[in-house]
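# Geometric and topological summary
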Amino acid sequence: MNHTFAIIGAAGYVAQKHLEAIKEIGGQVIAVTDPNDNLEVLDQYFPDCEYFKNTADFEAFIKQNPVDFITICSPTHLHFEHIEISLGLGINAICESPLVLSEKQLNALIDLEEQTNKKIYSVLQYRYQPQIMKLKEHFNPNEKHTIELINHTYRGKWFAQSWKGDAQKSGGILTSLGYHFFDFLSWIYGKPLSLQLSEQTESSAMGKLELEHATVSFSLNNADRNNKNIKKRRIAINGITYPIDANTGLFTHCYSNIINNKGIGTSEIKNIYKALEKK
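Described below are features of the structure shown in this document. Keep in mind that what you see is a predicted model, and the values were worked out from it rather than measured.

### Quick look at the packing of aromatic side chains
What the rule picks out here adds up to 10 aromatic pairs. Taken together, a centroid distance of 6.1 Å and an interplanar angle of 35 degrees make the contact between Tyr-126 and Phe-184 tilted. You can see Tyr-126 sitting in the loop between strand 6 (120-122) and helix 6 (130-137) and its partner Phe-184 sitting in helix 9 (residues 173-189), a full 58 residues away along the chain. Note on accessibility: Tyr-126 and Phe-184 belong to one class, buried. Three or more aromatic residues joined by ring pairs make a cluster, and in this case those are Phe-5, Phe-69 and Tyr-255.

Printed below as a string of structure tokens:
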């Protein structure tokens with residue numbers, strides 16, 4: 001069966017990864033919407049799909065041309081609204097991470113799923129990274145693990161002036177640079193117990209995340225100008241360093257699981273929100 005998709009936020013950086021994954025699984029994108037009409041990327045994947053500059057016209061089209069899934073790649077602060085649109089149309093949603101900005105919003109979406117009998121799937125590609133899957137498989141609950149997490153990446157001046165640099169829209173540094181890592185670590189090492197910050201600015205955060213079976217010391221930084229040509233990303237568990245590579249192939253794993261009813265649902269991501277709100 002060839003599954004059909006529509007995309008909200010098709011002009012953004014991450015959308016290409018979704019387009020590629022959909023094509024890889026044999027899916028078809030029939031419509032996209034984005035206020036930015038710089039959409040040459042569609043020519044590589046689905047040049048015949050319909051384009052709508054505003055969401056209202058997109059909704060009207062989808063009502064007449066239903067799809068199996070609506071993929072949401074819009075800015076984080078718009079995810080809740082766009083998921084509501086998807087489920088309101090009676091269509092399952094696939095949403096980029098972070099899914100929403102608070103545990104309160106997550107709980108509201110769980111209620112909405114029950115009301116509409118539709119599903120919301122999170123794209124958490126790190127959970128499909130082979131090394132992380134091995135860590136999950138060989139996890140020993142009788143041990144207390146020590147973990148060091150470093151995620152440093154250079155961002156230019158544009159970052160602070162965009163929605164990504166606005167904590168009210170992006171969730172701030174803990175969410176923008178920590179979300180995926182805190183997610184898979186709590187997926188493996190258990191529920192969050194506390195989060196303590198030793199440093200926090202608009203561009204950096206340091207501290208400790210205490211999980212049921214691990215203590216995570218973390219350093220997050222998106223303005224590391226001393227290493228502006230280098231993305232510094234490191235996970236060390238009990239002194240052993242593990243390579244963490246979020247290559248685009250992981251998105252295909254996400255989509256393959258979703259279309260086979262094995263995607264990551266809202267009930268499976270509660271730990272990440274409990275972690276972020278324990279500070």
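Moving on from the coordinates now.
### Concerning the sheet that holds strand 7 (residues 145-152)
Spatially, the six strands line up as an open sheet ordered 8-9-10-7-11-12, and their pairing is mixed. At either margin of the open sheet sits one strand with a lone partner, and together these are strand 8 (192-200) and strand 12 (240-242). In this sheet, adjacent strand axes meet at a mean angle of 20 degrees when their direction is disregarded. The pairing of strand 7 with strand 10 (residues 214-221) spans eight bridges and is parallel. When the sheet's bridge partners are listed, Glu-148 is paired in strand 10 with Ser-217. Sheet strands touched by helix 9: strand 7, strand 8, strand 9 (204-211), strand 10 and strand 11 (232-237). Its angle to strand 10, the strand with the most contacts, is close to 160 degrees.

### With respect to unusual backbone geometry
That bond from Ser-97 to Pro-98 is cis: its omega, 0 degrees, falls within 30 degrees of zero. Relative to the assigned elements, Pro-98 resides in the loop between strand 5 (92-95) and helix 5 (103-116). Located in the positive-phi region is Asn-117, a residue other than glycine, with phi close to 60 degrees. Along the polypeptide, Asn-117 turns up in the loop between helix 5 and strand 6. By relative accessible area, Asn-117 is classed as exposed at 69%. Positive phi, normally seen in glycine, also occurs at Asn-261, with a value near 60 degrees. Mapping Asn-261 onto the fold places it in the loop between helix 10 (249-259) and strand 13 (264-265). Residue Asn-261 is classed as exposed on the basis of its relative accessible area of 66%.

### Considering helix 5
Helix length check: helix 5 (14 residues) gives 20 Å between terminal C-alpha atoms against 20 Å at 1.5 Å per residue, within 8%. Along helix 5, the residues that are buried comprise Glu-103, Leu-106, Leu-109, Ile-110, Leu-112 and Glu-113. The positive-phi residue at the C-terminal boundary of helix 5 is Asn-117, with phi of around 60 degrees.

### Observations regarding the packing of helix 1 (residues 15-24) against helix 10
Two numbers describe how helix 1 lies on helix 10: the axes approach to 8 Å, and their chain directions differ by 55 degrees. With respect to helix 10, the axis of helix 1 lies oblique. Considering only the axes of helix 1 and helix 10, their crossing is right-handed. Listed contacts from helix 10 to Lys-17, His-18, Ala-21, Ile-22 and Glu-24 of helix 1 are Phe-251, Thr-252 and Tyr-255.

### Some details on the nonpolar core
Counting 85 residues, the largest nonpolar core has Leu-99 and Phe-182 as the members making the most contacts within it. The element that contributes the greatest number of residues to this core is helix 9, accounting for 10 residues.

### As for the environment of Tyr-45
Its place among the elements puts Tyr-45 in helix 2 (residues 42-45). With 59 residues separating them in the primary sequence, Tyr-45 and Lys-104 have C-alpha atoms 36 Å apart. Ignoring sequence-local partners within four residues, the contact set of Tyr-45 consists of Gln-16, Leu-19, Glu-20 and Lys-23. Reaching out from Tyr-45, the side chain makes a polar contact with the side chain of Gln-16 at a distance of 3.2 Å.

### Some remarks on the side chain of Thr-266
Along the chain, Thr-266 turns up in the loop between strand 13 and helix 11 (270-276). For Thr-266, a relative accessible area of 4% corresponds to the buried category. Only 2.5 Å separates the side chain of Thr-266 from the side chain of Glu-113, close enough to count as a polar contact. In contact with Thr-266, other than residues within four places in its own chain, are Leu-99, Leu-106, Ile-110, Glu-113 and Ile-120.

### Things to note about the pattern of salt bridges
The tally for this structure, following the rule as stated, stands at five salt bridges. Across the salt bridge formed by Arg-127 and Asp-183, the nearest N and O atoms sit 2.8 Å from each other. Of the two residues, Arg-127 sits in the loop between strand 6 and helix 6 while Asp-183 sits in helix 9, which places them 56 residues apart along the sequence. We note a salt bridge from Lys-144 to Glu-210, for which the minimum N-O separation is 3.0 Å. Linking Lys-144 in the loop between helix 6 and strand 7 with Glu-210 in strand 9, this pair joins segments that are 66 residues apart in sequence.

Calculation rules
- Once a new chain begins, its residue numbering starts again from 1 and follows that chain's sequence as written.
- Residues qualify for local features only when their pLDDT is at least 70, as the model is predicted, and side-chain atom pairs are given and counted only at 80 or more; totals for whole chains, interfaces and linings, by contrast, use all residues.
- Heavy atoms from the whole structure form the basis of all side-chain values; hydrogens and water molecules are not counted.
- Working definition: a ring pair exists when centres of Phe, Tyr or Trp rings (six-membered ring for Trp) sit within 6.5 Å. Plane angles under 30 degrees give stacked, over 60 give edge-to-face, the rest tilted.
- Only DSSP runs of H or I reaching four residues or more are called helices, and only runs of E reaching two or more are called strands; each is numbered from the N terminus.
- Exposure classes here rest on a 1.4 Å probe applied to the protein chains alone. A residue is buried below 20% of its type maximum, exposed above 50%, and partly exposed in between.
- One requirement defines pairing of two strands: DSSP has to find at least two bridges between them.
- Axes, fitted as lines to C-alpha atoms, cover a helix only where it is in contact. Angles between the N-to-C directions of the axes lie from 0 to 180 degrees.
- Pairs of residues are marked as contacts when any of their non-hydrogen atoms sit within 4.5 Å.
- In a helix, the anticipated span is given by 1.5 Å times the number of residues less one.
- Note on terminology: angles under 35 degrees are roughly parallel, angles over 145 are roughly antiparallel, angles of 65 to 115 are roughly perpendicular, and the others are oblique.
- A clockwise turn of the near helix away from the far one marks a right-handed crossing, whereas an anticlockwise turn of less than a right angle marks a left-handed crossing.
- Nonpolar cores were defined as sets of buried Ala, Val, Leu, Ile, Met, Phe, Trp, Tyr and Cys residues, with membership established by side-chain atoms within 4.5 Å.
- Identification of polar contacts relies on pairs of N or O atoms within 3.5 Å, with a donor-acceptor requirement for protein atoms, meaning one able to donate a hydrogen and the other able to accept it, and with residues adjacent in sequence counted only if both atoms are side-chain atoms.
- We count a salt bridge whenever a side-chain nitrogen from Lys or Arg sits within 4 Å of a carboxyl oxygen from Asp or Glu.

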